[in-house]
Amino acid sequence: DAEITQSPRHKITETGRQVTLACHQTWNHNNMFWYRQDLGHGLRLIHYSYGVQDTNKGEVSDGYSVSRSNTEDLPLTLESAASSQTSVYFCASSENWRGVNNEQFFGPGTRLTVL
Amino acid sequence: TQLLEQSPQFLSIQEGENLTVYCNSSSVFSSLQWYRQEPGEGPVLLVTVVTGGEVKKLKRLTFQFGDARKDSSLHITAAQPGDTGLYLCAGASGTYKYIFGTGTRLKVLA
């Protein structure tokens, strides 16, 4: 069965370190998204990609970067981790068609703590 | 900036009670989705509504899209402990993207 996985599931790091969160999907979806989830804010979009070599900034992109070298993977990098980036991070993917039911399939999340 | 406000933020009710969750915005959306998220997992799509005034039913869950396509509601009849979770609305925002609401955390007590 197709799926979307994230690793690691939990990560503790120190302020200033570079951290990369992995996201891998076997749906063969062109669209991939990274969100962070914080209490009272729902899900906020960090970066997204519509295909290989395409990346775009979301509403909270400062301090984060992504790269898309193949269809399956969209790693999220925190260049220099800050305590404000402590959060739960979700990766999602969706079909690339202009329908009205662009269901997003979410991974299980990565809980990141920056000390 | 498009914003989706959900109310209430938290809701704790007894099994068998009815409840309604609201999702409001000042922006018009071409479509709106509702997701449910359980602890330790990612959100899962429940429904998509597209037409103003549209009503969709999913067993004991009834979803309505406002006539002006700025708001939506989720009504649960005879809530069960299995309905416990975080409910998120999401409005279409540009190509393939959605803006998510602030979330409503529901707990149904047995």
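Overview of the structure. Quick caveat, the model's predicted, so the values are computed rather than measured. (Residues numbered from 1 in each chain as written. Chains lettered and ligands numbered in written order. Predicted model: local features only at pLDDT ≥ 70, side-chain atom pairs only at ≥ 80, totals over all residues. Heavy atoms only, no water.)

### A look at the pairing of strand β9 (residues 87–94) of chain A
When a strand is regular, its side chains alternate between the sheet's two faces. All names here are of chain A. For β9, the tally of buried residues reaches 8 of 8 residues, placing the bulk of the element in the interior. Here β9 shows a buried face lined by S87, Y89, C91 and S93 and a second buried face lined by V88, F90, A92 and S94. Note: strand β4 (residues 31–38) against β9, 7 bridges, orientation antiparallel. When the bridges of β9 are listed, N31 appears paired with S94. In terms of strand pairing, β9 meets strand β11 (residues 110–114) through 3 bridges, oriented antiparallel. (Buried < 20%, exposed > 50% of the residue type's maximum accessible area, 1.4 Å probe, protein only. Helix = DSSP H or I, 4+ residues; strand = E, 2+ residues; numbered from the N terminus. Pairing = 2+ DSSP bridges.)

### Some thoughts on the side chain of B:S27
All names here are of chain B. Within the secondary structure, S27 is located in the loop between β3 (19–24) and β4 (32–37). In this structure S27 comes out as buried when scored by relative accessible area, which is 16%. Setting aside residues up to four positions removed in sequence, S27 forms contacts with Q2, R69 and K70. (Contact = heavy atoms within 4.5 Å.)

### A closer look at the packing of aromatic side chains
All told, the structure shown has 11 aromatic pairs over all chains when counted by the stated rule. With 5.8 Å between their ring centres and 85 degrees between their planes, A:F106 and B:Y35 make a pair best called edge-to-face. Highlighted residues: A:F106 in strand β10 (residues 105–106) and B:Y35 in strand β4, drawn from two different chains. Residue class for B:Y35 comes out buried when judged on its relative accessible area of 0%. Chaining the aromatic ring pairs together yields one cluster made of A:F33, A:Y35, A:Y48, A:Y50, A:F106, B:Y35 and B:F100. (Phe/Tyr/Trp six-rings, centres within 6.5 Å; stacked < 30°, edge-to-face > 60°.)

### Let's talk about the interface of chain B and chain A
Listed by partner, the interface residues are 22 residues for chain B and 26 residues for chain A. Here chain B packs against chain A, burying approximately 1,900 Å² in sum over the two surfaces, 54% of which is carbon and sulfur. When the area that chain B buries against chain A is broken down by residue, the three leading residues are B:Y96, B:K97 and B:F100, summing to 35%. Counting the contacts that link chain B with chain A gives 0 salt bridges. Going through the elements one at a time, β4, β5 (44–49), β9 (85–92) and β10 (98–100) of chain B are the ones with two or more residues in the side of chain B that touches chain A. At 3 residues, β4(B) tops the list of elements feeding residues into the side of chain B that touches chain A. (Buried area = accessible area lost by both parts, 1.4 Å probe. Salt bridge = Lys/Arg side-chain N within 4 Å of Asp/Glu carboxyl O.)

Everything listed is a geometric property; what it means functionally is a separate question.
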